[in-house]
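As a plain string of letters, each chain reads:
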Amino acid sequence: QVQLVESGGGLVQAGGSLRLSCAASGRNASDYAKAWFRRAPGQEREYVARISGSAFTIASADVADSVKGRYTISRDDAKNMLYLQMDSLKPEDTAVYYCAQAKGYFGTTLPQDYNYWGQGTQVTVSS
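What counts, and at which threshold
- Here the residue numbers are simple positions, counted from 1 along each chain's written sequence.
- Residue-level local features of this predicted model are given only where pLDDT is at least 70; pairs of side-chain atoms are given and counted only at 80 or more, and the full residue set underlies all totals for whole chains, interfaces and linings.
- As a rule here, side-chain values cover all heavy atoms of the structure and leave hydrogens and water aside.
- Working definition: helices are DSSP H or I runs of at least four residues, strands are E runs of at least two. Numbering for both runs from the N terminus.
- Think of it in three bands: residues with accessible area under 20% of the maximum for their type are buried, residues over 50% are exposed, and the middle band is partly exposed, with areas taken using a 1.4 Å probe on protein chains only.
- For the charge count, each Lys or Arg is scored as positive and each Asp or Glu as negative, with His and the chain ends excluded.
- Salt bridges are defined by distance alone: a side-chain nitrogen of Lys or Arg within 4 Å of a carboxyl oxygen of Asp or Glu.
- As used in this structure description, the phrase polar contact means that two N or O atoms lie within 3.5 Å; if the pair is within protein, one of them must be able to donate a hydrogen and the other to accept it, and residues adjacent in sequence are counted only when both atoms belong to side chains.
- Residue contacts are defined here by distance: any two heavy atoms, one from each residue, within 4.5 Å place the two residues in contact.
- Pairing of aromatic rings covers Phe, Tyr and Trp, the last counted by its six-membered ring, and requires centre-to-centre distances within 6.5 Å; plane angles under 30 degrees mean stacked, over 60 mean edge-to-face, and any other angle means tilted.
- For a Lys NZ or an Arg CZ to count as sitting over a ring, it must be within 6 Å of the ring centre and within 35 degrees of the ring normal.
- One bridge is not enough; two strands pair if DSSP finds at least two bridges between them.
- Geometry is summarised by axes, namely lines fitted to C-alpha atoms with helices restricted to the contacting stretch, and by angles between N-to-C directions that run from 0 to 180 degrees.
- When two cysteine sulfur atoms are found within 2.5 Å, that pair is recorded as a disulfide.

Regarding the side chain of Lys 34
- Relative to the helices and strands, Lys 34 resides in strand β4 (residues 34–39).
- Here Lys 34 occupies a buried position and makes no salt bridge, while the nearest side chain of opposite charge, Asp 77, is found at 6.5 Å.
- A distance of 3.3 Å separates a polar side-chain atom of Lys 34 from the backbone oxygen of Tyr 32.
- Apart from the residues within four sequence positions on either side, Lys 34 is in contact with Ala 24, Ala 29, Arg 50, Ile 51, Ile 73, Leu 82, Ala 100, Gln 101 and Tyr 114.

Given below as structure tokens:
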């Protein structure tokens, strides 16, 4: 069984920073790709960032255009942790952020390719 638990959300002023963490458990969890998605009230779930799993041949990571240059995704396989460093936060970044584990190793931007999800952590950016 796989369990993902997010933490690190909170209230921050525009221009500030937050670091989200996701603790993953389950056999060979580090093998699989992971990603961050977010959902603002009344909006569709939005891709934020992805990173390949340790079973993929080459380390690969990317972030959505909307957060490029401001967000960084990383992982620590020894600790089974996934991180999202968020800098220069904007009010439009306000959302519930979810970490997810993929069915495969590379990691896509599509939510249907992820079969395990955390419960989410609220990020609120004030103006």
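Thoughts on the pattern of salt bridges
- The final tally for this structure, using the stated rule, is five salt bridges.
- Note that Arg 38 is salt-bridged to Glu 46, the shortest N-O span being 2.8 Å.
- Classification of Arg 38 by relative accessible area gives buried; the value is 6%.

Considerations on the packing of aromatic side chains
- Summed over the entire model, instances satisfying the criterion amount to six aromatic pairs.
- On the numbers, 5.4 Å between centres and 40° between planes, the contact of Tyr 32 with Tyr 105 is tilted. In this pair, Tyr 32 sits in the loop between β3 (18–25) and β4 while Tyr 105 sits in the loop between β9 (95–102) and β10 (114–117), placing the two residues 73 residues apart along the sequence.
- When its relative accessible area of 25% is taken as the criterion, Tyr 32 is described as partly exposed.
- On the numbers, 6.4 Å between centres and 65° between planes, the contact of Tyr 114 with Trp 117 is edge-to-face.
- Since its relative accessible area comes to 4%, Tyr 114 is described here as buried.
- Joined through ring pairs, the aromatic side chains of Phe 37, Tyr 47, Tyr 114 and Trp 117 make up one cluster.
- Taking NZ or CZ as reference, Arg 19 lies 3.9 Å from the ring centre of Tyr 83, over its face.
- Taking NZ or CZ as reference, Arg 50 lies 4.3 Å from the ring centre of Phe 106, over its face.

Description of the sheet that holds β3
- Overall, antiparallel pairing links the four strands, which are arranged β1-β3-β8-β7 in an open sheet. Unpaired on one side and paired on the other, β1 (3–7) and β7 (71–76) mark the two borders of the sheet. On average, each strand axis in the sheet is inclined to that of its neighbour by 15°, with strand direction left out of account.
- By the bridge criterion, six bridges tie β3 to strand β8 (residues 81–86) in an arrangement that is antiparallel. By the bridge assignment, Leu 20 is partnered in β8 with Leu 84.

Observations concerning the state of the cysteines
- Under the counting rule described, the total for this entry stands at one disulfide.
- Covalently, Cys 22 is tied to Cys 99 through a disulfide, its sulfur atoms 2.0 Å apart. A torsion of 60° about the S-S bond marks the disulfide between Cys 22 and Cys 99 as right-handed. Here the residue Cys 22 occupies a position in strand β3, and Cys 99 occupies one in strand β9, the gap between them amounting to 77 residues.

That's the geometry; what it means functionally is another story.
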